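Observations on chain architecture
Each chain is listed here by its residues.
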Amino acid sequence: MKFPIIYSLVFLLALVFAVPFAWGEDPPPIEQRRHPDYTILGLDDLVNPQTPLNPNFVISPEARIAEASIWRSSYIPERLVGLDVGDVDKDGKNEMVYLTLHNVYLYRFDNGEYTQLANFSLPKNARGIAIDLYDTNGDAKKEILVSAENDDNHSANSLVLSYTGDRTLTALGTSLPYYLRVVGQEGSRVMVAQRSGTSPGSSFDGPVHYASFENGRISLSAIFELPFQVNIYNFNVGELGRERMRLTTIIKFPTEHLLLTEFSGEKVWESHDEYGGAINYIELTPYGDSSRSVEYIPTRIIIADIDQDGSNELIVAKNNQSGTRVFRNLRTFNSGIIEARKFVNLSLIPFFTSSNLLPGAAVDYQLADFDNNGSKDLIVGILIEPGSGMLQDARSIIFSYNNLYNVEPTATPASTSDE
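Residues numbered from 1 in each chain as written. Predicted model: local features only at pLDDT ≥ 70, side-chain atom pairs only at ≥ 80, totals over all residues. Heavy atoms only, no water.

The next thing to look at is the overall build of the chain. Broken down by element type, the chain carries two helices and 27 strands. Going through the 419 residues of the chain one by one, you find that 48% of them count as buried. Counting only contacts in the chain whose residues sit at least 6 apart along the sequence, the fraction spanning at least 24 positions is 50%. Within the structure as shown, the chain displays about 21500 Å² of accessible surface, and the carbon and sulfur contribution to it stands at 53%. (Helix = DSSP H or I, 4+ residues; strand = E, 2+ residues; numbered from the N terminus. Buried < 20%, exposed > 50% of the residue type's maximum accessible area, 1.4 Å probe, protein only. Contact = heavy atoms within 4.5 Å. Areas by Shrake-Rupley, 256 points an atom, 1.4 Å probe, with all protein chains shown as cover.)

Quick look at the structure:
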């Protein structure tokens, strides 16, 4: 009879592994390479762990996030396109700028008050595509880069704006024939530009270039080396992992898989799921019998050290598309999440995930000190209703996971060496 012997062995093994936990000992701690003073918003133990829930219920991470500090704006009766956060008036405090299809709005959140400082209407033939803040002249005051498309001829029609401090946004450059973007990792970002497509069926023309802005004009310099079929809106570059590998992060066209490559173009890792889904688009000049009339622009890719452990994480959106992907010129999203991932052992592993962004999907987001309290927040713009003319008005909202991480300003990052 072999079965009793087998059962006895299984029973003995179960005792060996189970007895320590039965005695109340904790399992061996997992090494954490994050700042010792850092806490994950909504996921680490709460300061007051008591809960009115029946103790037989398990408190999920989502419940803890719900108890965390979250700010939300009132509804915006327009179709939100993008947002950014930075100091636009050189006063040491951050402002938030957001872009809708036809307007730019500048706000500041300070001392618990959210106040509009200025707004700017795009030219009648311009449709907003993307927005970034960047110090174009090195004076510690950031200008507003507005990428826009001319709806008449489907060419780039971008602007650079400046806040003058008297509740006015002034155009420093208009009708710029380039799409603009700010790329790079936190603390080391550069401005890039790319020409719009000039031939039927094309969205971009030529490579992405390093760029500068002076005297109302965009000047191109060296080519930004990128793999084939990568455009100005579907990539970012920076160091990832403890080894600080310099990698290019790409949202592939048209599969929308997340791809990591070395600067040589060699593939390092690729996801199975789609990322960066959005409904912002560049309209194309029709080409022959092709049914493709738009090219969708992925959501932003952020590379930053969220937990202050000395190595960067990757922040991306994962929006859930409603309906089929068959229709090339029509897409809708009913929800989404923001994911942060760490680069470990040549792979991207989950670090944290936001709660579901119902009732809409993320169109843009930033990691910045939105409320000027010294701690960085995750600010997310959500499109609730895209609008459909007279039948339905557009509606958007902005909210912030406040104090995403908390580290004392004088503290130093934890060691990233193998000990």
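Let us look at empty space enclosed by the protein. Using the criterion set out here, one finds four cavities of 30 Å³ or more in the structure. Here the second largest cavity defines a volume of roughly 80 Å³. Lining the second largest cavity we find 14 residues, and of these V81, I129, A130, R181 and N280 sit closest to its centre. Looking at the lining of the second largest cavity, the elements with two or more residues in it are β2 (80-86), β6 (126-134) and β25 (361-368). Among the elements that line the lining of the second largest cavity, the one with the most residues is β6, at three residues. The residue makeup of the lining of the second largest cavity, split by class, is eight nonpolar, three polar and three charged. (1 Å grid on protein atoms, 1.4 Å probe; cavity = no way out; pocket = protein on both sides within 12 Å on 5 of 7 lines; lining within 4 Å. Points joined across faces, edges and corners; volume = space filled by probe spheres on them. Nonpolar A, V, L, I, M, F, W, Y, C, P; charged D, E, K, R; others polar.)

The strand order β2-β3-β4-β5 describes an open sheet built from four strands, whose pairing is antiparallel. Only two strands of the sheet have a single neighbouring strand rather than two, namely β2 and β5 (113-121). Neighbour-to-neighbour, the strand axes of the sheet open up by a mean angle of 20 degrees, direction not taken into account. As defined by bridge partners, strand β4 (residues 103-110) adjoins β5 across eight bridges and the pair is classed as antiparallel. Residue pairing in the sheet places D110 in a bridge with E113 of β5. (Pairing = 2+ DSSP bridges. Axes fitted to C-alpha atoms, helices over the stretch in contact; angles between N-to-C directions.)

The final tally for this structure, using the stated rule, is 17 salt bridges. Notably, a salt bridge pairs E270 with K252, separated by 3.1 Å at the nearest N-O pair. In this pair, E270 sits in strand β18 (residues 267-274) while K252 sits in the loop between β16 (245-251) and β17 (257-262), placing the two residues 18 residues apart along the sequence. Salt-bridge contacts for D307 lead to K342; the nearest nitrogen and oxygen are separated by 3.0 Å. Here D307, found in the loop between β21 (302-304) and β22 (313-322), pairs with K342, found in strand β23 (residues 332-344); they are 35 residues apart in sequence, far enough to count as distant. The class for K342 is buried, based on a relative accessible area of 17%. (Salt bridge = Lys/Arg side-chain N within 4 Å of Asp/Glu carboxyl O.)

Now for the layout of surface pockets. One number sums up the size of the second largest pocket: a volume of about 520 Å³. Along its surface, the second largest pocket is lined by 32 residues, and D84, K142, V182, R189 and Q366 are the ones closest to its centre. When contributions to the lining of the second largest pocket are tallied by element, the ones reaching two or more residues are β2, β6, β11 (178-185), β12 (188-196), β15 (235-240), β21 and β25. The element that contributes the greatest number of residues to the lining of the second largest pocket is β11, accounting for four residues. Looking at side-chain class alone, the lining of the second largest pocket contains 13 nonpolar, nine polar and 10 charged residues.

Here we take up the nonpolar core. Ranked by internal contacts, the top residues of the largest apolar core, which has 22 residues, are I306, I315, I338, L357, Y365 and V380. If you list the elements that add at least two residues to this core, you get β21, β22, β23, β24 (347-353), β25, β26 (377-385) and β27 (395-401). Of all the elements, β26 adds the most residues to this core, at four residues. What I338 contacts, discounting residues up to four positions off in sequence, is I315, V316, A317, F352, T353, S354, L357, A362, Y365, L378 and V380. (Core = buried A, V, L, I, M, F, W, Y, C linked by side-chain atoms within 4.5 Å.)

Before going further, it helps to spend a moment on the sheet that holds β16. Sheets are built from strands that pair by backbone hydrogen bonding, the pairs being arranged parallel or antiparallel. If you walk across this open sheet you meet the four strands as β15-β16-β17-β18, and the pairing is antiparallel. Whereas interior strands pair on both sides, the edge strands pair on one side only; in this sheet they are β15 and β18. Within the sheet, the average angular offset between the axes of one strand and its neighbour, ignoring direction, is 20 degrees. The sheet contact formed by β17 and β18 spans four bridges and is antiparallel.

Looking now at the packing of aromatic side chains. Per the stated rule, a full pass over the model turns up 17 aromatic pairs. Ring geometry for W71 and F370: centres 4.9 Å apart, planes at 45 degrees, overall tilted. With W71 in strand β1 (residues 70-72) and F370 in the loop between β25 and β26, this pair connects stretches of sequence that are 299 residues apart. For W71, a relative accessible area of 14% corresponds to the buried category. For F370, a relative accessible area of 2% puts it in the buried group. (Phe/Tyr/Trp six-rings, centres within 6.5 Å; stacked < 30°, edge-to-face > 60°.)

Next up on the list: unusual backbone geometry. With an omega of 5 degrees, the peptide bond between F253 and P254 qualifies as cis. Here P254 is to be found in the loop between β16 and β17. One non-glycine residue, Q229, lies in the positive phi region at around 70 degrees. Within the secondary structure, Q229 is located in the loop between β14 (217-223) and β15.

Of all seven residues in β2, seven are buried, a share of seventy percent or more. Summarising the sheet, β2 and strand β3 (residues 95-100) pair through six bridges and their orientation is antiparallel. Note that in β3 the partner of G86 across the bridge is E95.

Bringing the side chain of D371 into the picture now. Relative to the elements of secondary structure, D371 occurs in the loop between β25 and β26. Despite its burial, D371 remains without a salt bridge, the nearest opposite charge being carried by K93 at 12 Å. For D371, the contacting residues outside a window of four places in its chain are F109, D377 and N402. (Lys, Arg positive; Asp, Glu negative; His and termini not counted.)

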